[in-house]
Each structure stands twice: as structure tokens, then as C-alpha cells.
Amino acid sequence: MTIQTNINRIRGQIAEAALRVGRKPEDILLMAVTKSVGDPQIMEAIAAGVDILGDNYIQEARRKIGRMEKTIPWHFIGHLQTNKAKYAVQIFDMVQTVDRFELAEELDRHAHGAGLTVPILIEVSIAGEETKSGVSIAEAPALIRRIALIGGLKIKGLMAMPPWFDDPKRARPFFRILRELRDRLIEENIAGIEMKELSMGMSEDFEVAVEEGATVVRIGRAIFGEREQTK
Ligand SMILES: *Cc1c(COP(=O)(O)O)cnc(C)c1O
């Protein structure tokens, strides 16, 4: 199975899921997740027309982006340590995993230094699992109101990872919780932010996520095959 074939199949599945709920397929962006994927495979995914690349590791992504011409946006989707904020600002077109004010402040400091406005998503812990990163549902609105006052960042929406289930349908209530949170935030009309994007859905459950309103799906294994367990 080639990467191109996988991407065509996934695009078809996204379109069908969108149409089932009356959404437009072109309103959903496909991100190829490149963690532990080699350059030739990444280039194949770009040629096959994915919309965005996403990586979890700053150093790895820095090397990859250094070797390849950047033709489509790269988003950071991993846990970001505050002391790596500088590199995230330099390398990535969006940081999808902002979940605490100190990180936002540090990103803002480097955005100002570089004369940039950095688009971000707020990562929400939808299942309240303490082992996972993300701000809780309860604390998300206050965090967003605080970050909205920061000039160097632009909030575009929310990102989340539901717990892992054998049956992807069981992730549905978690996707719905994220969408409902976004809709409540839209009603709050917080100045200086946009609340359009919902980054949710991975290889196993992206069709359910699209049915529940995902605007970006983040897909690794269904495009590139199983990852080697190095990390
Ligand atoms: C690895 C990863 C993905 C992709 O997961 P797959 O199961 O390979 O599709 C998506 N989002 C995040 C945050 C990830 O770390």
C-alpha cells in the first residue's frame, strides 16, 4: 500500500463522513503526523496533497525541516516544554498544544522577538486524565480569556486527544464535549480570538471526529504504516 493510496482512501473517508452530517469535505484539513517518519515518506505525503504536517518533537522536526524545502505548513502537536518555546516559534506555523499560561507567555516573548504573531490552539484534556497534557474543561475558558490579552499569539481554536478505545465510536462523546466547549466559547465573544478550529481525530477515529465537527484531523499510522516503538 503506498502513501498516495492511503491518502486517497483517507480523503474519501473524510468526505463520506462529512457528507453524512451535512458538512463540506473541503472544510476538513488533513494533517500527516511525521513523528519517526523518514524524509522520502514525508515528501511522498506532501506530493500526495496533505494540507499540513505535524510533529511532536522539536529537535527531530528541526532537522527534517532543515533538510526539506518548506512548501506546506508544519504544526507542533507534542508536549512543549517552556524552554523549547523559542524553537517552536522559529520552526512551526502553528502550536496546537498550548495548555498553560506560562507557556503562552514564553511563546509570546519569542514571537515579539521574531516580529511574528503565532497562531495557536488550546489543548484541552477532555477526559480529565491526569497523565495527559491539556487544560481541564473547567479551566479552559479562564485560560483562553487570559491568553487572548497577549499580543503575540492568536488563538484559533481547540485541540484534544480522547482516551484510547478499541471501538472508535466510544470516542464520540469526547469529541462532542470539545465541540460543545468551542460553541460555548464562541457565544462568549471573547475579543481577539477565533474559535473556528477543532483539531481532533487520529488514524482509528478520524471519521467519528469529522462527524462531530473536526476541522483538522491528525493522521500518522493510517498514512505511513505502523511506527517503530522507539519512543
Ligand atoms: C501520534 C499522534 C497522532 C497520530 O496518531 P496515529 O494514531 O498515528 O494516527 C495525532 N496526534 C498526536 C498529538 C499524536 O501524538
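Up top you'll find the structure we're talking about.
The following refers to the structure shown. Not measured: the values here are computed from a predicted model.

### Digging into the overall build of the protein
For the protein, the helix and strand inventory stands at nine helices and nine strands. Taken over C-alpha atoms, the radius of gyration comes to 17 Å for the protein, in line with the 17 Å a tight globule of 231 residues would show. For the protein, the C-alpha atoms occupy an extent of roughly 45 × 40 × 30 Å along the three principal directions. Evaluated residue by residue, the protein yields a buried proportion of 52% over its 231 residues. Across the protein, contacts joining residues at least 24 apart in sequence account for 59% of those joining residues at least 6 apart. When the accessible surface of the protein is split by element, carbon and sulfur atoms take 50% of a total near 11,100 Å². Taking the average location of the 32 positive side-chain charges in the protein and that of its 34 negative ones, the two points are 2 Å from each other.

### A few points about the site of the ligand
Around the ligand sit 13 residues, and of these Lys35, Asn56, Ser203, Arg221 and Arg227 come closest. Here an oxygen atom of the ligand sits 2.7 Å away from a polar atom, N or O, in the side chain of Asn56. The side chain of Arg227 places a nitrogen or oxygen atom 2.8 Å from an oxygen atom of the ligand. The protein chains hide 94% of the 390 Å² of surface that the ligand would expose on its own. Judged by the proximity of its atoms to the pocket grid, the ligand belongs to the largest pocket. Considering only residue class, the shell around the ligand consists of six nonpolar, three polar and four charged.

### So, the layout of surface pockets
In this structure, the largest pocket occupies an estimated 580 Å³ of space. Along the walls of the largest pocket sit 33 residues, with Lys35, Lys132, Met161, Met202 and Arg218 positioned nearest its centre. When the residues that make up the lining of the largest pocket are grouped by side-chain class, the tally is 14 nonpolar, nine polar and ten charged.

### Overview of the pattern of salt bridges
Evaluated as defined, the whole model comprises 18 salt bridges. Between Glu211 and Arg172 there is a salt bridge whose closest N-O contact spans 2.7 Å. Here Glu211 is found in helix α8 (residues 206–211), whereas its partner Arg172 is found in helix α7 (residues 172–188), with 39 residues between them in sequence. Of the charged contacts in the structure, one is a salt bridge between Glu212 and Arg179, with a shortest N-O distance of 2.9 Å. One end of the pair, Glu212, is in the loop between α8 and β9 (216–219); the other, Arg179, is in helix α7, and 33 residues separate them in sequence. The exposure class assigned to Arg179 is partly exposed, which follows from its relative accessible area of 22%. One continuous salt-bridge network, built from bridges that share partners, spans Arg20, Arg172, Arg176, Arg179, Glu211 and Glu212.

### Describing the pairing of strand β7 (residues 153–160)
Counting buried residues in β7 gives six out of eight residues, a clear majority hidden from the surface. Pairing analysis gives three bridges linking β7 to strand β8 (residues 197–199), with the strands arranged parallel. Residue Gly157 lies in a different strand from β8, and its bridge partner there is Glu197. Since β7 and β8 lie parallel, the crossover through α7 that links them has a hand, and here it is right-handed.

### Focus on empty space enclosed by the protein
What the rule picks out here adds up to one cavity of 30 Å³ or more. When its volume is computed, the largest cavity comes out at roughly 30 Å³. Of the residues assigned to the lining of the largest cavity, the class counts are six nonpolar, one polar and two charged.

### Re helix α5 (residues 101–114)
Each α-helix turn comprises 3.6 residues. Residues three or four places apart therefore point the same way. If you check α5, its first and last C-alpha atoms are 20 Å apart, about what 14 residues at 1.5 Å a residue would give, namely 20 Å. Along α5, the residues that are buried comprise Phe101, Leu103, Ala104, Glu106, Leu107, Asp108, His110 and Ala111. In this fold, the buried residues of α5 make contact with α4 (85–91), β4 (94–98), β5 (118–125), α6 (140–148) and β7. Where α5 terminates, the next one or two residues include Gly115, which has phi positive at roughly 65°.

What counts, and where the lines are drawn
- One numbering rule holds for all chains: residues counted from 1, following each sequence as written.
- In keeping with the predicted nature of the model, local features appear solely for residues at pLDDT of at least 70, side-chain atom pairs appear and are counted solely at 80 or more, and the whole-chain, interface and lining totals rest on all residues.
- Working from all heavy atoms in the structure, the side-chain values ignore hydrogens and water.
- Working definition: helices are DSSP H or I runs of at least four residues, strands are E runs of at least two. Numbering for both runs from the N terminus.
- Each radius of gyration reported is based on C-alpha atoms, and the globular scaling rule is 2.2 Å times the count of residues to the power 0.38.
- For every residue, the accessible area (1.4 Å probe, protein chains only) is compared with the maximum for its type, and the residue is labelled buried under 20%, exposed over 50%, or partly exposed between those bounds.
- Contact between two residues is taken to exist if any of their heavy atoms lie within 4.5 Å; hydrogens are not considered.
- Exposure was quantified through the Shrake-Rupley algorithm and a 1.4 Å probe, taking into account, for residues, occlusion by the shown protein chains and nothing else.
- Positive residues here are Lys and Arg, negative ones are Asp and Glu, while His and the chain termini are left out of the count.
- Here the site of a charge means NZ on Lys, CZ on Arg, CG on Asp, or CD on Glu.
- Neighbouring residues are identified by heavy atoms, a residue being near a molecule or strand if any of them is within 4 Å of it.
- Within 3.5 Å is the distance limit for a polar contact, defined as a pair of N or O atoms, with the added protein rule that one can donate a hydrogen and the other accept it, and that residues adjacent in sequence qualify only through two side-chain atoms.
- Within this scheme a cavity is a closed region of a 1 Å grid, computed over the protein atoms alone, that accommodates a 1.4 Å probe without allowing it to escape, whereas a pocket is open but has protein on both sides within 12 Å along at least five of seven lines; lining residues each have an atom within 4 Å of a point.
- A cavity or pocket is said to hold a molecule if more than half of that molecule's atoms lie within 2 Å of its grid points.
- Any residue that is not Ala, Val, Leu, Ile, Met, Phe, Trp, Tyr, Cys, Pro, Asp, Glu, Lys or Arg is counted as polar, Gly included; the first ten are nonpolar and the last four charged.
- Grid points are joined across faces, edges and corners, and a volume is the space filled by probe spheres set on the points.
- A carboxyl oxygen of Asp or Glu within 4 Å of a side-chain nitrogen of Lys or Arg is what we treat as a salt bridge.
- DSSP calls a pair of strands paired once it identifies at least 2 bridges connecting them.
- Throughout, right-handed denotes a crossover for which the path from the first strand over the helix to the second runs clockwise when the strands point away from the viewer.
- One less than the residue count of a helix, multiplied by 1.5 Å, gives the span that helix is expected to have.

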